[in-house]
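Chain by chain, the residues:
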Amino acid sequence: MVFDQSARIAAVAQKEHEQIFPKPGWVEHDPLEIQRRTEEVIAEALEQRGLRASDLAAIGITNQRETTVLWERKTGNPVANAIVWQDTRVAEDVARFAREGGQNRFRPQTGLPLSTYFSGLKLRWLLENVPGARERAARGELLFGNIDTFLLWNLTGGAQGGVHVTDVTNASRTQLLNLLTLDWDEKLLAAFDIPYAVLPKVRSSSEVYGEAKLNAVAGVPITGILGDQQAALVGQACFRPGEVKNTYGTGCFLLMNTGERPVPSNFGLLTTVAYKFGGGPAHYALEGSVAITGALVQWLRDNLEIIEKSADVETLARTVEDNGGVYFVPAFSGLYAPYWKENARGVIAGLTRYANKGHLARAILEATANDGARRGLCRWPGGRIFFGLGRVAGELGGRSHLEAASCRGRARAIV
């Protein structure tokens, strides 16, 4: 997306990339395809308005946060496909670590429970299962990053001097960052057996990281990185404690700004970094996460082939008056907040001979609304917090599944 100085959208380009499902519960992406698609949409967006690199003031990156990439420093080639945030292959590691100290053993440092969701155990899996990866990583031959880091490294030169950096919001989703020091925690690295040499430097969310080398944008400074959900929080201008955003995209993610101190949750929410601008203080957030919402529409389209395009789900759902008693629990990647049960799986309940594809489409849309509504009731130490989201900016059925609808609210505490 290209914005003018008044923050109006000047150009938009987007492309899908392949979703890879090699085994039940496994979800992968091809990092090189993501890099190619990124370069293609940059060129397409600039061409729409006849823009050149000299017309751009700066570049910012936002990304799906926990998706894990491990690649060669000398060549830029990934040693394996990226392990996507929805992937559950590390469920056995989650159970083993939990047996040794409980599911919340790392919450005081990281704000996160043990879960298949976060990057640390995914990186550990790659180091353990890709032949020679652990030894090469310890020698500094391999680099780790979420998608933000992989793209930044490639945009700033790749093997020819690319910048190996992440921001605090993405780092806070690895389960390797200490929320108070905002740096990699040595005890966490030891617990997960992660070599320090493989990790990117942790920087703020807004500073000059380097200049782009890609021809289309050569010389333009890259000055912003935010994980996608934190980017939505900033985009909705939720800069005061108690302000909340809820986003419906692949999943559903509710974030509430808690100010300049991390607030622990006793009710299954995540404590995470919201943003840090330059040398200013870090701001924190509480987060309620649902893994699968809009991706249900994609599943209906691609896996069941009941619809041809995502927008068709609304038309199909409107062919019935109600869900016909059909309910969908979209636990494709386990249950996230507040349950954190990685062994849960999706369920369709209430099926009878009466049910048809219209009822299934309606149940899918209702599942998205129901999951979002459950996170509309959060808890704050000492009381409950309710917030009004108003109206979601767009219906899942009437927009591309690549887009995300966000809405904003103001919380009030009820003691």
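In what follows, the structure referred to is the one given above.
Let us look at the structure shown here. As the structure is a computational prediction, the values presented were derived from the model and not from experiment.

Remark: the empty space left among the atoms is shown by a probe the size of a water molecule rolled over them. All told, the structure shown has one cavity of 30 Å³ or more when counted by the stated rule. Of the volumes computed, that of the largest cavity is approximately 40 Å³. Forming the boundary of the largest cavity are Gln103, Leu114, Ser115, Thr116, Ser333, Leu335, Tyr336, Trp340, Lys341 and Glu342. Its residues assigned to classes, the lining of the largest cavity comprises four nonpolar, four polar and two charged.

Further remarks concern the sheet that holds strand 12 (residues 206–211). The strand order across the open sheet built from three strands is 4-13-12, with neighbouring strands paired in mixed fashion. Pairing within the sheet leaves two strands with one partner each, and these edge strands are strand 4 (59–63) and strand 12. Put simply, the sheet's adjacent strands are angled 35° from each other on average, direction ignored. Inspection of the sheet shows strand 12 paired to strand 13 (residues 221–227) by three bridges, in the antiparallel sense. Paired with Gly210 across the strands is Ile222, a residue of strand 13. Running over the sheet, helix 6 (residues 147–155) touches strand 4, strand 12 and strand 13 and is turned about 150° from strand 4. Contacting strand 4 and strand 13, helix 9 (residues 228–235) crosses the sheet at an angle of about 100° to strand 13.

Glancing now at helix 1 (residues 31–49). Between the first and last C-alpha of helix 1 there are 28 Å, a value that for 19 residues agrees with the 27 Å anticipated at 1.5 Å per step. Within helix 1, burial applies to Pro31, Glu33, Ile34, Gln35, Thr38, Val41, Ile42, Ala45 and Leu46. Looking at the buried side of helix 1, the elements it contacts are strand 1 (2–3), strand 2 (9–11), strand 3 (28–29), strand 5 (68–72), strand 6 (82–83) and helix 6. For helix 1, the capping residue at the N-terminal end is Asp30, with a side-chain oxygen 3.0 Å from the backbone nitrogen of Leu32. Following helix 1 by one or two positions, Gly50 adopts a phi angle in the positive range, close to 65°.

Rules of the game
- Residues numbered from 1 in each chain as written.
- Predicted model: local features only at pLDDT ≥ 70, side-chain atom pairs only at ≥ 80, totals over all residues.
- Heavy atoms only, no water.
- 1 Å grid on protein atoms, 1.4 Å probe; cavity = no way out; pocket = protein on both sides within 12 Å on 5 of 7 lines; lining within 4 Å.
- Points joined across faces, edges and corners; volume = space filled by probe spheres on them.
- Nonpolar A, V, L, I, M, F, W, Y, C, P; charged D, E, K, R; others polar.
- Pairing = 2+ DSSP bridges.
- Helix = DSSP H or I, 4+ residues; strand = E, 2+ residues; numbered from the N terminus.
- Axes fitted to C-alpha atoms, helices over the stretch in contact; angles between N-to-C directions.
- Contact = heavy atoms within 4.5 Å.
- Expected span 1.5 Å × (residues − 1).
- Buried < 20%, exposed > 50% of the residue type's maximum accessible area, 1.4 Å probe, protein only.
- Polar contact = N/O pair within 3.5 Å; in protein donor to acceptor, adjacent residues only side chain to side chain.

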